[in-house]
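Per-entry structural report
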Amino acid sequence: MGLSFAAGLRAILRQDPDVVMVGEVRDRETADIAVQASLTGHLVLSTVHTNDAAGAITRLRDMKIEPFLLASTLRAVIAQRLLRRLCGECREAVEADASVTALLGVEAGSQVWRPRGCPSCSGTGYKGRIGIFEAVRVDETVRRLVNSGADEAEIAGHAFRQGSNLASSARALVLQGVTAPEEAIRISRVGLDDD
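Anyway, here's the lowdown on the structure attached to this text. (Residues numbered from 1 in each chain as written. Predicted model: local features only at pLDDT ≥ 70, side-chain atom pairs only at ≥ 80, totals over all residues. Heavy atoms only, no water.)

When you go through the protein chain residue by residue, the secondary structure sums to nine helices and six strands. For the protein chain, whose C-alpha radius of gyration is 20 Å, the value lies well above the compact-globule estimate of 16 Å for 195 residues. Counting only C-alpha atoms and orienting by the principal axes, one finds that the protein chain spans roughly 60 × 40 × 25 Å. Across the 195 residues of the protein chain, 41% fall into the buried class. Sequence-distant contacts in the protein chain: of pairs separated by 6 or more residues, those separated by 24 or more amount to 69%. Total accessible area on the protein chain stands at roughly 11,000 Å², and carbon and sulfur atoms take up 50% of it. Side chains of the protein chain carry 23 positive and 25 negative charges; the gap between the two charge centres is 4 Å. (Helix = DSSP H or I, 4+ residues; strand = E, 2+ residues; numbered from the N terminus. Rg over C-alpha atoms; globule rule 2.2 N^0.38 Å. Buried < 20%, exposed > 50% of the residue type's maximum accessible area, 1.4 Å probe, protein only. Contact = heavy atoms within 4.5 Å. Areas by Shrake-Rupley, 256 points an atom, 1.4 Å probe, with all protein chains shown as cover. Lys, Arg positive; Asp, Glu negative; His and termini not counted. Charge placed at Lys NZ, Arg CZ, Asp CG, Glu CD.)

Turning to the pattern of salt bridges, a few remarks are in order. Two side chains of opposite charge can pair, provided their charged atoms sit close to one another. Under the defined criterion, the tally for this structure stands at seven salt bridges. The closest approach of N and O atoms between Glu 24 and Arg 26, which form a salt bridge, is 3.0 Å. Residue class for Arg 26 comes out exposed when judged on its relative accessible area of 59%. Here Glu 183 ties to Arg 84 by a salt bridge, and the two come within 3.0 Å at their closest N and O atoms. With Glu 183 in helix H9 (residues 181-187) and Arg 84 in strand S3 (residues 76-86), this pair connects stretches of sequence that are 99 residues apart. You can call Glu 183 buried: its relative accessible area is 2%. (Salt bridge = Lys/Arg side-chain N within 4 Å of Asp/Glu carboxyl O.)

Orientation of helix H6 (residues 140-147) relative to helix H7 (residues 152-159), taken along the N-to-C sense of each, is 175°, at an axis distance of 10 Å. Comparing the axis directions of H6 and H7 gives the class roughly antiparallel. In this structure, H6 uses Thr 141, Val 142, Leu 145 and Val 146 to contact H7, whose residues at the interface are Glu 154, Ile 155 and His 158. Of the residues contributing to the contact of H6 with H7, the split by class is four nonpolar, two polar and one charged. (Axes fitted to C-alpha atoms, helices over the stretch in contact; angles between N-to-C directions. Parallel < 35°, antiparallel > 145°, perpendicular 65-115°, else oblique. Nonpolar A, V, L, I, M, F, W, Y, C, P; charged D, E, K, R; others polar.)

Under the criterion given, the structure shown has zero aromatic pairs. Its guanidinium or amino end placed over the ring of Tyr 126, Arg 84 lies 3.9 Å from that ring's centre, counting from NZ or CZ. (Phe/Tyr/Trp six-rings, centres within 6.5 Å; stacked < 30°, edge-to-face > 60°. Lys NZ or Arg CZ within 6 Å of the ring centre and 35° of its normal.)

Within the fold, Ser 38 resides in helix H2 (residues 28-39). Under the relative-accessibility criterion, Ser 38 is labelled partly exposed at 22%. If we ignore the near neighbours within four places in the chain, the residues touching Ser 38 are Val 44 and Thr 73.

This is the structure:
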């Protein structure tokens, strides 16, 4: 008879490790154990599947974790996405069309690059990937917002007031010619005009 994931996690915590890595928080029981471990001084690292960093806070609340517990145990939430990198040998500079300027929030007439395809990239126009990231640092303001039940937009509004989010990071890579506008649009599920 096998152990459940939660039972295994409890058994690990009885060994009193300093750091605990939980592969993924999928349900309330796992979330409860992770929060309790954090409250007792363990550094808990985990993944939660959401569209962005602020969404992880909402997802944990949806799992019925009390806001005051989230506010006191979370330190940071990081989101990441991978973009395909344009092939440096065949990428082609073009002027951004109206749909790209509207979706990416770049100035009309901006230069962007698109994939063309060559033997070096096996005709795909892309070669490798590059990561983009965003982080919500849980400061006193974010703690207050989480505790008061603020929505994702309010939390993100504070968290990214002076930092980059996934959308702005993707936009920057498009303007630098690292990736194509379609890649930035594909991975950005949050509003691209939000900075």
